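Secondary and tertiary structure notes
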Amino acid sequence: MATSIRINSLRISKGEFEDVMSKYGISPVGWYGEAYISEYENLSKTLEYQLGYFYIQSLSSMIPPLVLGPKEDDIILDMAAAPGSKSTQCAMHMNDKGVVVANDVSYMRLKSLASHIDRLGITCIAMTNFDGRQFPSVSSFNKVLLDAPCSSMGSRRCKVQHSEGRVRSLARLQKALLLRAFDLLCPGGTLVYSTCTTTVHENEEVVESLLQKRENAYIEKPALPFSFGPGISGNDTLDSKVCRFTLDESFFIAKIRKR
Amino acid sequence: MRSKFSEFIMSRFGIKLSDEFVVEERTSKVYVYSALLDRLGLKVVRKGILAGKLDSIFGIKPSLDFVLVFGHLATKNCITISDDDVVRLFSGESIKLSQPQVGISDGLVILKSRRGMGIGIAYNKNGELQSLIPKDRRV
């Protein structure tokens, strides 16, 4: 199976990367200049991996940070960050300037995130260990990413068929996390909500719940570098502004703004 | 007041970090992070990268990841090695220097690639560089 990777442009230029990685048969991904595909099976065992030249990441999971649009000097919260693909991708687009708070409720999963931060050499990330629903209000962020814990039904790694009750339980958690994420956002800020699952309960209904509770929230249709499908909730206004797509995994994304 | 780590990297390697970065020593570990992170006012688990350890053998030992980010700033006790030697270094092998290096003393040395980037750390003893690449990072 092909492996998708993202260059760490903080460490190596594209030209040098393509040169040193050519022995692994990498080919660029057309819609994202930082992404490559390789058929090589053990990329994590290579010298170039240990030198922090790249991060192994599914193509679909590269999209939420692109929709968030990180820029130098942003103050970003990644609310459910581990193992860190999206936090480190944001930091890379920020040229390691500004602030990324990478939070995860699991302390054990933060260890994995820490090893990636070290290997990629990123100094602008602070790791926190809060339950996202109770994330403290001491800071406000101009961008927040919530790649929510979900039933992962769109993931190629998903082997479990979740019960209806489990999905409802996850949806309750997602609604609470999204509400807190929105409240931490400063006026004019951007919040990206994403999951790697396909159920309406965990996607459109979660976003709809936020829009009902916060009058100053609105959805903006994201600009993606490829065509994507609409939502499937039956609410035409909402469905036309959220997106569903499948690359190597199926993802749902909503871009929410705060007035 | 400068930290022990800052003093060490300055005296041994000539590396002076700019004010954009903070060096934080916590028990036996040293972290380097962007100074902006101190404005957060949040209880954090960790900031930035693990830059080194206060070690019973070496005293202070910069981490591989510190060298990969800041090693290019080294002006003393640094040696440029070939691509083949980089591979040897990451397999844990020692490297015998073919000719004496002027101004390199026994002890920790930063290794640079031909591009001038920090690529690793080793212990120099009479012209033999012993790899200090951590076992879990060897290839």
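Everything that follows concerns the structure shown earlier in this document.
Rules behind the numbers
- Residues numbered from 1 in each chain as written.
- Chains lettered and ligands numbered in written order.
- Predicted model: local features only at pLDDT ≥ 70, side-chain atom pairs only at ≥ 80, totals over all residues.
- Heavy atoms only, no water.
- Buried < 20%, exposed > 50% of the residue type's maximum accessible area, 1.4 Å probe, protein only.
- Helix = DSSP H or I, 4+ residues; strand = E, 2+ residues; numbered from the N terminus.
- Contact = heavy atoms within 4.5 Å.
- Buried area = accessible area lost by both parts, 1.4 Å probe.
- Salt bridge = Lys/Arg side-chain N within 4 Å of Asp/Glu carboxyl O.
- Pairing = 2+ DSSP bridges.
- Axes fitted to C-alpha atoms, helices over the stretch in contact; angles between N-to-C directions.
- Parallel < 35°, antiparallel > 145°, perpendicular 65-115°, else oblique.
- Left-handed = near helix turned anticlockwise from the far one by under 90°.
- Nonpolar A, V, L, I, M, F, W, Y, C, P; charged D, E, K, R; others polar.

**Quick word on helix α4 (residues 85–93) of chain A**
Residues and elements named next belong to chain A. Counting buried positions along α4 yields eight of nine residues, so the element is predominantly enclosed. Among all positions in α4, only S85, K86, S87, T88, Q89, C90, A91 and M92 are buried. Looking one or two places after α4, you find N95, whose phi comes out positive at around 55°.

**Looking at the interface of chain B and chain A**
Tallying the contact residues gives 30 residues for chain B and 33 residues for chain A. Between chain B and chain A lies a buried interface of about 2500 Å² when both sides are counted; carbon and sulfur atoms form 63% of it. Together, B:L42, B:V45 and B:R46 form the three largest contributors to the area buried by chain B at its contact with chain A, with a combined 23%. Linking chain B to chain A there are three salt bridges.

**Quick word on the sheet that holds strand β1 (residues 21–26) of chain B**
Residues and elements named next belong to chain B. In space, the four strands of this open sheet follow the order β1-β2-β4-β5, with antiparallel pairing throughout. Of all the strands in the sheet, the pair left with one neighbour each is β1 and β5 (59–62). Averaged over all pairs of adjacent strands, the angle between their axes in this sheet comes to 25°, without regard to strand direction. Two elements, β1 and strand β2 (residues 29–34), share six bridges in a ladder whose sense is antiparallel. In the sheet register, E24 faces β2, and the bridge partner there is Y31. Packing against the sheet, helix α1 (residues 4–13) makes contact with β1, β2, β4 (49–55) and β5, and its axis sits at approximately 75° to β5.

**Considering the pairing of strand β11 (residues 243–246) of chain A**
Residue and element names in this part refer to chain A. Where β11 meets strand β12 (residues 250–258), four bridges bridge the pair, whose relative direction is antiparallel. In the strand pairing of β12, T246 is matched with S250. Adjacent in sequence and paired antiparallel, β11 and β12 are bridged by three residues.

**Some remarks on the packing of helix α6 (residues 164–183) of chain A against helix α7 (residues 204–213) of chain A**
The angle between the axes and the distance between the axes are what describe a pair of packed helices. Residue and element names in this part refer to chain A. One way to put it is that α6 packs onto α7 with a least axis distance of 9 Å and a crossing angle of 45°. Relative to α7, α6 is oriented oblique. Considering the relative orientation of α6 and α7, their crossing is right-handed. Residues R168, A171, Q174, K175, L178, L179 and F182 of α6 lie in contact with α7, whose contacting residues are E205, V206, V207, S209, L210 and K213. When grouped by side-chain class, the residues that make up the contact of α6 with α7 number seven nonpolar, two polar and four charged.

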